[in-house]
Amino acid sequence: MAEHAHKLEIFRGLIKFKSNTQKIWGVLLLLSVITAVEVVLGIYKPDILMVPSIQAFEGGLGATLLNIILSPFIYTKSLNLIFIVLTVVKAYYITWDFMHMRDETKSLRRLVVWTAVFLICYLVFILLQEGGYIESVYTEGFIKRDF
Amino acid sequence: MNSTTVSTGTEETTWGGGNRPLKASYGKMMMWFFIVSDALTFSGFLAAYGFSRFKFIDYWPIADEVFTHVPFLHGQELPMIYVAFMTFVLIMSSVTMVLAVDAGHQMKKTKVIWYMFFTIIGGAIFVGSQAWEWATFIQGDYGAVQTKGGNILQFGTYKTIGGEDVFKRVSVEEFAVAAYTDRTQHESKTGVWFTSEGSLPTYTVNDVYKGLESNPNILVRTQTINAEGEKTVLSREESLRQLKTNGKRYVKGANLEANEYGAPLFADFFFFITGFHGFHVLSGVVINIIIFFNVIIGTYERRKNYEMVEKVGLYWHFVDLVWVFVFTFFYLV
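Since the model is a prediction, treat every value here as computed from it, not as a measurement. (Residues numbered from 1 in each chain as written. Chains lettered and ligands numbered in written order. Predicted model: local features only at pLDDT ≥ 70, side-chain atom pairs only at ≥ 80, totals over all residues. Heavy atoms only, no water.)

So, about the pairing of strand β1 (residues 144-147) of chain B. Along any regular strand the residues' side chains alternate between the sheet's two faces. All names here are of chain B. In β1, alternate side chains face the same way, and those of A144 and Q146 on one face and V145 and T147 on the other are all buried. Where β1 meets strand β6 (residues 247-251), 4 bridges bridge the pair, whose relative direction is antiparallel. Along β6, the bridge assignment pairs A144 with V251. Where β1 meets strand β2 (residues 152-161), 2 bridges bridge the pair, whose relative direction is antiparallel. Considered in β2, the bridge of V145 is made with L153. (Buried < 20%, exposed > 50% of the residue type's maximum accessible area, 1.4 Å probe, protein only. Helix = DSSP H or I, 4+ residues; strand = E, 2+ residues; numbered from the N terminus. Pairing = 2+ DSSP bridges.)

Printed below as a string of C-alpha coordinates:
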(Lines give C-alpha, C1' and ligand atoms only; values in the text may rest on other atoms or scores of the structure.)
Protein backbone atom coordinates (compact mmCIF):
# COMPACT_ATOMS: atom_id res chain seq x y z
CA MET A 1 0.00 0.00 0.00
CA ALA A 2 2.70 2.36 -0.97
CA GLU A 3 0.31 4.79 -2.64
CA HIS A 4 -1.27 5.52 0.74
CA ALA A 5 -0.36 9.16 1.06
CA HIS A 6 -1.48 11.09 4.12
CA LYS A 7 -2.09 14.78 4.22
CA LEU A 8 0.31 15.92 6.88
CA GLU A 9 -0.83 19.38 7.80
CA ILE A 10 -3.40 20.60 10.30
CA PHE A 11 -4.85 24.08 11.01
CA ARG A 12 -5.14 24.69 7.25
CA GLY A 13 -1.43 24.23 6.70
CA LEU A 14 -0.33 26.24 9.71
CA ILE A 15 1.38 23.22 11.24
CA LYS A 16 3.09 20.72 8.97
CA PHE A 17 4.38 17.35 10.09
CA LYS A 18 7.20 15.31 8.62
CA SER A 19 5.55 11.91 8.96
CA ASN A 20 2.19 10.40 9.75
CA THR A 21 3.49 9.14 13.11
CA GLN A 22 4.56 12.63 14.02
CA LYS A 23 1.15 13.98 13.07
CA ILE A 24 -0.55 11.42 15.31
CA TRP A 25 1.47 12.53 18.34
CA GLY A 26 0.80 16.15 17.47
CA VAL A 27 -2.94 15.53 17.40
CA LEU A 28 -2.71 13.64 20.69
CA LEU A 29 -1.05 16.66 22.25
CA LEU A 30 -3.82 18.90 20.94
CA LEU A 31 -6.58 16.61 22.24
CA SER A 32 -4.91 16.29 25.66
CA VAL A 33 -4.57 20.04 26.01
CA ILE A 34 -8.24 20.55 25.11
CA THR A 35 -9.33 17.90 27.64
CA ALA A 36 -7.15 19.47 30.33
CA VAL A 37 -8.67 22.89 29.64
CA GLU A 38 -12.17 21.39 29.89
CA VAL A 39 -11.44 19.68 33.20
CA VAL A 40 -9.86 22.79 34.74
CA LEU A 41 -12.79 24.95 33.63
CA GLY A 42 -15.23 22.28 34.88
CA ILE A 43 -13.65 22.21 38.34
CA TYR A 44 -13.14 25.95 38.88
CA LYS A 45 -16.20 27.23 37.00
CA PRO A 46 -15.16 30.91 36.75
CA ASP A 47 -18.05 33.18 37.75
CA ILE A 48 -17.90 35.30 34.58
CA LEU A 49 -18.49 32.19 32.46
CA MET A 50 -21.50 31.02 34.46
CA VAL A 51 -23.89 33.45 32.72
CA PRO A 52 -24.73 33.92 29.03
CA SER A 53 -22.49 36.46 27.34
CA ILE A 54 -25.33 38.56 25.84
CA GLN A 55 -28.61 39.59 27.45
CA ALA A 56 -31.83 38.86 25.57
CA PHE A 57 -33.08 41.72 23.36
CA GLU A 58 -36.48 43.20 24.17
CA GLY A 59 -39.29 44.43 21.94
CA GLY A 60 -40.18 44.12 18.30
CA LEU A 61 -39.63 41.61 15.53
CA GLY A 62 -36.00 42.65 15.09
CA ALA A 63 -35.25 41.78 18.69
CA THR A 64 -36.89 38.37 18.31
CA LEU A 65 -34.87 37.69 15.18
CA LEU A 66 -31.67 38.75 16.93
CA ASN A 67 -32.56 36.50 19.85
CA ILE A 68 -32.92 33.57 17.48
CA ILE A 69 -29.75 34.29 15.52
CA LEU A 70 -27.64 34.88 18.61
CA SER A 71 -29.39 32.25 20.72
CA PRO A 72 -26.20 30.32 21.64
CA PHE A 73 -24.85 33.50 23.25
CA ILE A 74 -28.14 34.58 24.83
CA TYR A 75 -29.59 31.36 26.23
CA THR A 76 -26.50 29.24 26.93
CA LYS A 77 -24.00 29.85 29.72
CA SER A 78 -20.66 30.87 28.22
CA LEU A 79 -18.99 27.95 30.00
CA ASN A 80 -21.31 25.40 28.40
CA LEU A 81 -20.85 27.04 25.02
CA ILE A 82 -17.07 26.74 25.42
CA PHE A 83 -17.44 23.06 26.36
CA ILE A 84 -19.58 22.35 23.31
CA VAL A 85 -17.23 24.16 20.93
CA LEU A 86 -14.19 22.36 22.39
CA THR A 87 -16.00 19.03 22.03
CA VAL A 88 -16.72 19.66 18.37
CA VAL A 89 -13.08 20.63 17.84
CA LYS A 90 -11.98 17.36 19.48
CA ALA A 91 -14.47 15.38 17.39
CA TYR A 92 -13.11 17.06 14.26
CA TYR A 93 -9.53 16.03 14.92
CA ILE A 94 -10.46 12.48 15.92
CA THR A 95 -12.45 12.04 12.71
CA TRP A 96 -10.09 13.87 10.39
CA ASP A 97 -6.74 12.56 11.61
CA PHE A 98 -7.35 9.36 13.56
CA MET A 99 -10.06 8.06 11.27
CA HIS A 100 -8.22 9.48 8.24
CA MET A 101 -11.21 11.42 6.97
CA ARG A 102 -8.72 13.99 5.71
CA ASP A 103 -7.44 11.42 3.21
CA GLU A 104 -10.82 10.23 1.90
CA THR A 105 -12.50 11.68 -1.18
CA LYS A 106 -14.56 14.79 -0.72
CA SER A 107 -17.78 12.96 -1.60
CA LEU A 108 -17.30 10.25 1.04
CA ARG A 109 -16.50 12.93 3.60
CA ARG A 110 -19.67 14.87 2.81
CA LEU A 111 -21.76 11.71 2.66
CA VAL A 112 -20.81 10.77 6.20
CA VAL A 113 -20.45 14.14 7.88
CA TRP A 114 -23.33 16.10 6.38
CA THR A 115 -25.84 13.31 6.89
CA ALA A 116 -24.94 12.86 10.53
CA VAL A 117 -24.64 16.57 11.28
CA PHE A 118 -27.94 17.43 9.64
CA LEU A 119 -29.95 14.66 11.32
CA ILE A 120 -28.37 15.25 14.73
CA CYS A 121 -29.00 19.01 14.62
CA TYR A 122 -32.58 18.37 13.60
CA LEU A 123 -33.21 15.88 16.40
CA VAL A 124 -31.47 17.96 19.05
CA PHE A 125 -33.39 21.07 18.04
CA ILE A 126 -36.77 19.32 18.24
CA LEU A 127 -36.14 17.54 21.51
CA LEU A 128 -34.62 20.49 23.33
CA GLN A 129 -37.39 22.77 22.12
CA GLU A 130 -39.99 20.33 23.38
CA GLY A 131 -38.17 19.85 26.68
CA GLY A 132 -38.11 23.59 27.24
CA TYR A 133 -41.81 23.82 26.47
CA ILE A 134 -42.71 21.07 28.96
CA GLU A 135 -40.56 22.82 31.55
CA SER A 136 -42.58 26.00 31.04
CA VAL A 137 -45.81 24.03 31.51
CA TYR A 138 -44.45 22.59 34.76
CA THR A 139 -43.44 25.96 36.14
CA GLU A 140 -46.32 28.11 34.89
CA GLY A 141 -49.12 25.59 34.56
CA PHE A 142 -50.16 25.23 38.21
CA ILE A 143 -48.51 21.84 38.52
CA LYS A 144 -47.46 21.13 42.09
CA ARG A 145 -44.03 19.57 42.30
CA ASP A 146 -42.86 20.24 45.84
CA PHE A 147 -44.66 17.78 48.05
CA MET B 1 -5.14 -4.46 -2.62
CA ASN B 2 -7.92 -6.96 -2.67
CA SER B 3 -8.67 -8.45 0.70
CA THR B 4 -11.03 -11.20 -0.47
CA THR B 5 -9.52 -14.63 -0.52
CA VAL B 6 -11.87 -16.11 -3.12
CA SER B 7 -11.19 -14.96 -6.63
CA THR B 8 -13.70 -15.13 -9.46
CA GLY B 9 -11.47 -13.58 -12.08
CA THR B 10 -13.98 -10.81 -12.80
CA GLU B 11 -12.85 -8.36 -10.12
CA GLU B 12 -11.60 -5.76 -12.49
CA THR B 13 -14.81 -5.39 -14.52
CA THR B 14 -17.50 -3.02 -13.30
CA TRP B 15 -20.07 -5.72 -12.64
CA GLY B 16 -17.45 -7.85 -10.94
CA GLY B 17 -16.85 -5.18 -8.35
CA GLY B 18 -13.98 -3.49 -10.16
CA ASN B 19 -15.68 -0.15 -9.78
CA ARG B 20 -14.73 1.46 -6.48
CA PRO B 21 -17.07 4.32 -5.72
CA LEU B 22 -15.57 7.07 -3.58
CA LYS B 23 -12.18 5.36 -3.91
CA ALA B 24 -12.83 3.44 -0.72
CA SER B 25 -12.94 -0.33 -0.39
CA TYR B 26 -16.27 -2.01 0.25
CA GLY B 27 -15.44 -2.89 3.86
CA LYS B 28 -14.24 0.54 4.80
CA MET B 29 -17.25 2.26 3.27
CA MET B 30 -19.66 -0.08 5.02
CA MET B 31 -17.86 0.58 8.31
CA TRP B 32 -18.41 4.29 7.71
CA PHE B 33 -22.10 3.71 7.04
CA PHE B 34 -22.41 1.65 10.21
CA ILE B 35 -20.68 4.41 12.12
CA VAL B 36 -23.14 7.00 10.81
CA SER B 37 -26.11 4.91 11.93
CA ASP B 38 -24.54 4.17 15.30
CA ALA B 39 -23.76 7.86 15.74
CA LEU B 40 -27.45 8.56 15.21
CA THR B 41 -28.36 6.01 17.89
CA PHE B 42 -26.03 7.66 20.38
CA SER B 43 -27.21 11.13 19.50
CA GLY B 44 -30.76 9.86 20.05
CA PHE B 45 -29.77 8.91 23.60
CA LEU B 46 -27.94 12.13 24.27
CA ALA B 47 -30.74 14.23 22.79
CA ALA B 48 -33.24 12.36 24.99
CA TYR B 49 -30.99 13.14 27.95
CA GLY B 50 -31.06 16.79 26.92
CA PHE B 51 -34.83 16.66 26.61
CA SER B 52 -35.28 15.32 30.13
CA ARG B 53 -32.76 17.72 31.51
CA PHE B 54 -34.46 20.70 29.89
CA LYS B 55 -37.72 19.42 31.34
CA PHE B 56 -36.27 19.53 34.87
CA ILE B 57 -33.74 22.26 34.22
CA ASP B 58 -33.98 23.71 37.75
CA TYR B 59 -33.96 20.36 39.56
CA TRP B 60 -31.32 18.30 37.76
CA PRO B 61 -28.39 16.91 39.83
CA ILE B 62 -25.06 18.71 39.43
CA ALA B 63 -22.70 16.16 37.89
CA ASP B 64 -19.51 17.22 39.63
CA GLU B 65 -21.18 16.80 43.02
CA VAL B 66 -22.06 13.22 42.07
CA PHE B 67 -18.88 11.96 40.41
CA THR B 68 -16.28 12.94 42.98
CA HIS B 69 -14.62 9.60 43.64
CA VAL B 70 -11.22 8.32 42.66
CA PRO B 71 -10.11 4.75 43.46
CA PHE B 72 -7.75 4.43 46.46
CA LEU B 73 -8.38 8.04 47.48
CA HIS B 74 -11.17 7.37 49.87
CA GLY B 75 -13.27 10.17 51.31
CA GLN B 76 -11.72 12.89 49.16
CA GLU B 77 -13.82 15.02 46.89
CA LEU B 78 -12.11 15.15 43.52
CA PRO B 79 -14.73 16.01 40.94
CA MET B 80 -13.97 15.12 37.29
CA ILE B 81 -10.48 13.78 37.94
CA TYR B 82 -11.28 10.14 37.39
CA VAL B 83 -13.49 10.76 34.36
CA ALA B 84 -10.73 12.90 32.88
CA PHE B 85 -8.34 10.01 33.46
CA MET B 86 -10.75 7.65 31.68
CA THR B 87 -11.03 10.07 28.77
CA PHE B 88 -7.29 10.26 28.52
CA VAL B 89 -6.93 6.46 28.58
CA LEU B 90 -9.41 6.16 25.72
CA ILE B 91 -7.73 8.87 23.64
CA MET B 92 -4.37 7.22 24.31
CA SER B 93 -5.65 3.85 23.13
CA SER B 94 -7.00 5.60 20.05
CA VAL B 95 -3.49 6.85 19.40
CA THR B 96 -1.94 3.39 19.68
CA MET B 97 -4.67 2.12 17.35
CA VAL B 98 -3.89 4.69 14.68
CA LEU B 99 -0.20 3.89 15.10
CA ALA B 100 -1.06 0.22 14.51
CA VAL B 101 -2.89 1.19 11.31
CA ASP B 102 0.11 3.22 10.24
CA ALA B 103 2.49 0.33 10.96
CA GLY B 104 0.13 -1.89 8.96
CA HIS B 105 0.47 0.35 5.94
CA GLN B 106 4.20 -0.11 6.17
CA MET B 107 3.74 -3.89 6.58
CA LYS B 108 5.58 -3.96 9.90
CA LYS B 109 4.01 -6.93 11.65
CA THR B 110 5.80 -6.71 15.02
CA LYS B 111 4.90 -3.05 15.40
CA VAL B 112 1.25 -3.75 14.59
CA ILE B 113 1.19 -6.50 17.21
CA TRP B 114 2.58 -4.26 19.93
CA TYR B 115 0.35 -1.29 19.14
CA MET B 116 -2.73 -3.53 19.01
CA PHE B 117 -1.69 -4.97 22.37
CA PHE B 118 -1.51 -1.51 23.97
CA THR B 119 -4.86 -0.60 22.43
CA ILE B 120 -6.49 -3.64 24.00
CA ILE B 121 -4.92 -2.85 27.39
CA GLY B 122 -6.23 0.73 27.17
CA GLY B 123 -9.71 -0.52 26.34
CA ALA B 124 -9.62 -2.95 29.24
CA ILE B 125 -8.57 -0.20 31.66
CA PHE B 126 -11.44 1.94 30.42
CA VAL B 127 -14.08 -0.78 30.80
CA GLY B 128 -12.73 -1.61 34.26
CA SER B 129 -12.89 2.05 35.27
CA GLN B 130 -16.42 2.28 34.07
CA ALA B 131 -17.39 -0.79 36.10
CA TRP B 132 -15.86 0.84 39.16
CA GLU B 133 -17.69 4.07 38.43
CA TRP B 134 -20.98 2.17 38.18
CA ALA B 135 -20.31 0.33 41.44
CA THR B 136 -19.58 3.59 43.25
CA PHE B 137 -22.65 5.23 41.76
CA ILE B 138 -24.93 2.33 42.71
CA GLN B 139 -23.53 2.12 46.21
CA GLY B 140 -23.88 5.85 46.90
CA ASP B 141 -22.35 7.52 49.94
CA TYR B 142 -24.58 9.96 51.80
CA GLY B 143 -28.10 8.62 51.45
CA ALA B 144 -31.18 10.81 51.10
CA VAL B 145 -34.92 10.84 51.71
CA GLN B 146 -37.38 10.66 48.86
CA THR B 147 -40.55 12.72 49.27
CA LYS B 148 -44.08 11.79 48.29
CA GLY B 149 -43.69 13.96 45.20
CA GLY B 150 -40.60 11.99 44.17
CA ASN B 151 -38.13 14.74 45.09
CA ILE B 152 -34.90 14.05 46.93
CA LEU B 153 -33.98 15.65 50.27
CA GLN B 154 -30.27 15.57 51.07
CA PHE B 155 -28.61 16.42 54.37
CA GLY B 156 -25.61 18.49 55.31
CA THR B 157 -24.22 21.16 57.54
CA TYR B 158 -22.34 24.44 57.19
CA LYS B 159 -18.64 24.17 57.88
CA THR B 160 -16.17 27.04 57.92
CA ILE B 161 -13.41 26.32 55.45
CA GLY B 162 -10.88 29.08 54.80
CA GLY B 163 -13.11 31.72 56.40
CA GLU B 164 -16.06 30.80 54.21
CA ASP B 165 -19.22 28.95 55.18
CA VAL B 166 -19.44 25.94 52.92
CA PHE B 167 -22.29 23.47 52.86
CA LYS B 168 -20.90 19.97 53.37
CA ARG B 169 -22.97 16.85 52.94
CA VAL B 170 -23.53 14.61 55.96
CA SER B 171 -24.26 10.93 55.66
CA VAL B 172 -27.66 9.87 57.00
CA GLU B 173 -25.92 6.96 58.72
CA GLU B 174 -24.06 9.45 60.91
CA PHE B 175 -27.09 11.02 62.52
CA ALA B 176 -30.15 8.77 62.13
CA VAL B 177 -31.29 7.17 65.36
CA ALA B 178 -33.47 4.11 65.78
CA ALA B 179 -36.96 5.33 66.58
CA TYR B 180 -39.98 3.28 67.47
CA THR B 181 -41.45 1.60 64.44
CA ASP B 182 -44.14 -0.94 63.83
CA ARG B 183 -43.32 -1.36 60.18
CA THR B 184 -42.26 -4.93 59.46
CA GLN B 185 -41.22 -6.55 56.26
CA HIS B 186 -44.11 -8.29 54.59
CA GLU B 187 -43.12 -11.87 53.84
CA SER B 188 -45.07 -14.46 51.94
CA LYS B 189 -45.33 -16.67 55.03
CA THR B 190 -47.24 -14.01 56.98
CA GLY B 191 -49.84 -13.35 54.32
CA VAL B 192 -51.00 -14.95 51.13
CA TRP B 193 -48.18 -16.99 49.66
CA PHE B 194 -47.87 -15.03 46.43
CA THR B 195 -47.28 -11.61 47.91
CA SER B 196 -44.05 -10.48 49.47
CA GLU B 197 -41.77 -7.45 49.27
CA GLY B 198 -38.09 -6.73 49.02
CA SER B 199 -35.98 -5.81 52.01
CA LEU B 200 -37.02 -2.63 53.80
CA PRO B 201 -34.79 0.45 53.61
CA THR B 202 -32.17 0.60 56.37
CA TYR B 203 -33.91 3.52 58.06
CA THR B 204 -37.49 4.64 58.26
CA VAL B 205 -38.25 8.30 57.65
CA ASN B 206 -39.01 8.49 61.37
CA ASP B 207 -35.46 7.36 62.24
CA VAL B 208 -34.06 10.08 60.03
CA TYR B 209 -36.45 12.67 61.47
CA LYS B 210 -35.53 11.81 65.07
CA GLY B 211 -31.87 12.06 64.12
CA LEU B 212 -32.39 15.42 62.44
CA GLU B 213 -34.28 16.69 65.51
CA SER B 214 -31.44 15.83 67.87
CA ASN B 215 -28.73 17.36 65.62
CA PRO B 216 -29.51 21.10 65.47
CA ASN B 217 -26.74 21.90 62.97
CA ILE B 218 -27.93 19.58 60.23
CA LEU B 219 -30.04 21.07 57.44
CA VAL B 220 -32.00 19.74 54.49
CA ARG B 221 -30.95 20.53 50.94
CA THR B 222 -33.55 20.28 48.18
CA GLN B 223 -33.16 19.59 44.47
CA THR B 224 -34.01 23.14 43.47
CA ILE B 225 -31.13 25.03 41.89
CA ASN B 226 -31.04 28.66 43.04
CA ALA B 227 -29.86 31.77 41.21
CA GLU B 228 -26.21 31.08 42.16
CA GLY B 229 -26.39 27.70 40.44
CA GLU B 230 -26.33 25.83 43.74
CA LYS B 231 -28.86 23.57 45.38
CA THR B 232 -31.18 25.32 47.86
CA VAL B 233 -30.50 24.74 51.56
CA LEU B 234 -33.57 25.04 53.78
CA SER B 235 -33.75 26.77 57.15
CA ARG B 236 -33.81 24.62 60.27
CA GLU B 237 -37.62 24.84 60.80
CA GLU B 238 -38.31 24.33 57.14
CA SER B 239 -35.94 21.33 57.10
CA LEU B 240 -37.84 19.63 59.90
CA ARG B 241 -41.21 20.46 58.42
CA GLN B 242 -40.27 19.28 54.94
CA LEU B 243 -38.97 15.95 56.22
CA LYS B 244 -41.90 15.43 58.59
CA THR B 245 -44.71 16.17 56.15
CA ASN B 246 -43.25 15.00 52.84
CA GLY B 247 -40.64 12.34 53.61
CA LYS B 248 -41.59 8.93 52.26
CA ARG B 249 -38.57 6.65 52.34
CA TYR B 250 -34.84 6.48 52.82
CA VAL B 251 -32.83 6.01 49.61
CA LYS B 252 -29.15 5.14 49.36
CA GLY B 253 -27.21 4.84 46.14
CA ALA B 254 -29.00 4.39 42.87
CA ASN B 255 -31.17 2.00 40.93
CA LEU B 256 -33.47 2.47 37.97
CA GLU B 257 -36.38 3.56 40.13
CA ALA B 258 -34.87 5.95 42.68
CA ASN B 259 -31.49 7.43 43.52
CA GLU B 260 -30.01 9.66 46.19
CA TYR B 261 -28.68 12.21 43.68
CA GLY B 262 -31.96 13.63 42.38
CA ALA B 263 -34.40 12.89 39.58
CA PRO B 264 -34.73 9.13 38.89
CA LEU B 265 -34.20 9.89 35.19
CA PHE B 266 -30.67 11.04 35.98
CA ALA B 267 -29.60 7.56 37.08
CA ASP B 268 -31.61 5.95 34.28
CA PHE B 269 -29.78 7.96 31.66
CA PHE B 270 -26.46 7.38 33.39
CA PHE B 271 -26.94 3.62 33.23
CA PHE B 272 -28.32 3.70 29.73
CA ILE B 273 -25.83 6.00 28.02
CA THR B 274 -22.62 4.97 29.76
CA GLY B 275 -23.82 1.36 29.67
CA PHE B 276 -24.43 1.43 25.94
CA HIS B 277 -21.11 3.10 25.40
CA GLY B 278 -19.35 0.65 27.73
CA PHE B 279 -20.89 -2.19 25.76
CA HIS B 280 -19.43 -0.69 22.60
CA VAL B 281 -16.02 -0.49 24.24
CA LEU B 282 -16.33 -4.09 25.39
CA SER B 283 -17.24 -5.35 21.92
CA GLY B 284 -14.46 -3.17 20.51
CA VAL B 285 -11.98 -4.88 22.83
CA VAL B 286 -13.25 -8.31 21.77
CA ILE B 287 -12.98 -7.42 18.06
CA ASN B 288 -9.53 -5.96 18.65
CA ILE B 289 -8.44 -9.19 20.34
CA ILE B 290 -9.63 -11.22 17.35
CA ILE B 291 -7.72 -8.99 14.95
CA PHE B 292 -4.72 -9.04 17.30
CA PHE B 293 -4.50 -12.83 17.04
CA ASN B 294 -5.06 -12.67 13.29
CA VAL B 295 -2.08 -10.35 13.04
CA ILE B 296 0.02 -12.71 15.17
CA ILE B 297 -0.75 -15.77 13.06
CA GLY B 298 0.08 -13.75 9.98
CA THR B 299 -3.30 -13.64 8.22
CA TYR B 300 -2.78 -10.09 6.96
CA GLU B 301 0.85 -10.71 6.17
CA ARG B 302 -0.31 -13.39 3.71
CA ARG B 303 -3.03 -11.11 2.35
CA LYS B 304 -0.33 -8.51 1.83
CA ASN B 305 -2.50 -5.84 3.38
CA TYR B 306 -3.58 -4.77 6.82
CA GLU B 307 -6.86 -3.13 5.87
CA MET B 308 -8.71 -5.18 8.47
CA VAL B 309 -6.75 -3.38 11.18
CA GLU B 310 -7.84 -0.11 9.61
CA LYS B 311 -11.49 -1.14 9.66
CA VAL B 312 -11.56 -2.12 13.34
CA GLY B 313 -9.52 1.01 13.91
CA LEU B 314 -12.38 3.07 12.50
CA TYR B 315 -14.77 1.43 14.96
CA TRP B 316 -12.39 1.96 17.84
CA HIS B 317 -11.95 5.65 17.06
CA PHE B 318 -15.70 5.99 16.80
CA VAL B 319 -16.06 4.65 20.34
CA ASP B 320 -13.58 7.30 21.45
CA LEU B 321 -15.49 9.94 19.52
CA VAL B 322 -18.73 9.03 21.28
CA TRP B 323 -17.04 9.20 24.66
CA VAL B 324 -15.87 12.73 23.93
CA PHE B 325 -19.53 13.72 23.58
CA VAL B 326 -20.72 11.69 26.57
CA PHE B 327 -17.98 13.28 28.66
CA THR B 328 -19.13 16.76 27.69
CA PHE B 329 -22.86 16.32 27.96
CA PHE B 330 -22.99 14.06 30.99
CA TYR B 331 -20.10 15.28 33.12
CA LEU B 332 -19.24 18.82 32.07
CA VAL B 333 -22.26 20.76 30.85
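Each partner contributes to the interface: chain B provides 60 residues, whereas chain A provides 53 residues. Together, B:L22, B:W32 and B:H105 form the three largest contributors to the area buried by chain B at its contact with chain A, with a combined 12%. Counting the contacts that link chain B with chain A gives 2 salt bridges. Ionic pairing is found between B:D64 and A:K45, a salt bridge with its closest N-O pair at 3.3 Å. Of all elements in the fold, only α2 (26-55), α4 (81-105), α8 (236-246) and α11 (307-332) of chain B reach the threshold of two or more residues within the side of chain B that touches chain A. (Contact = heavy atoms within 4.5 Å. Buried area = accessible area lost by both parts, 1.4 Å probe. Salt bridge = Lys/Arg side-chain N within 4 Å of Asp/Glu carboxyl O.)

It is worth spelling out the domain arrangement of chain B at this point. Residues and elements named next belong to chain B. Split into domains, chain B comes out as domain 1 (40-140 + 265-332) and domain 2 (144-252). Each of domain 1 and domain 2 has a C-alpha centre, and these two points are 36 Å apart. Each partner contributes to the interface: domain 1 provides 11 residues, whereas domain 2 provides 8 residues. Summed over both sides, the interface between domain 1 and domain 2 buries roughly 710 Å², with carbon and sulfur atoms accounting for 42% of that surface. The interface formed by domain 1 and domain 2 contains 1 salt bridge. Taking the shortest distance from any N to any O, the salt bridge between E65 and R221 comes out at 3.1 Å. (Domains from an automatic or database assignment.)

So, about the side chain of B:Q130. All names here are of chain B. Looking at the secondary structure, you find Q130 in helix α5 (residues 109-139). For Q130, a relative accessible area of 7% corresponds to the buried category. With residues near it in sequence (within four places) discarded, Q130 still touches M86, T274, H277, G278 and W323.

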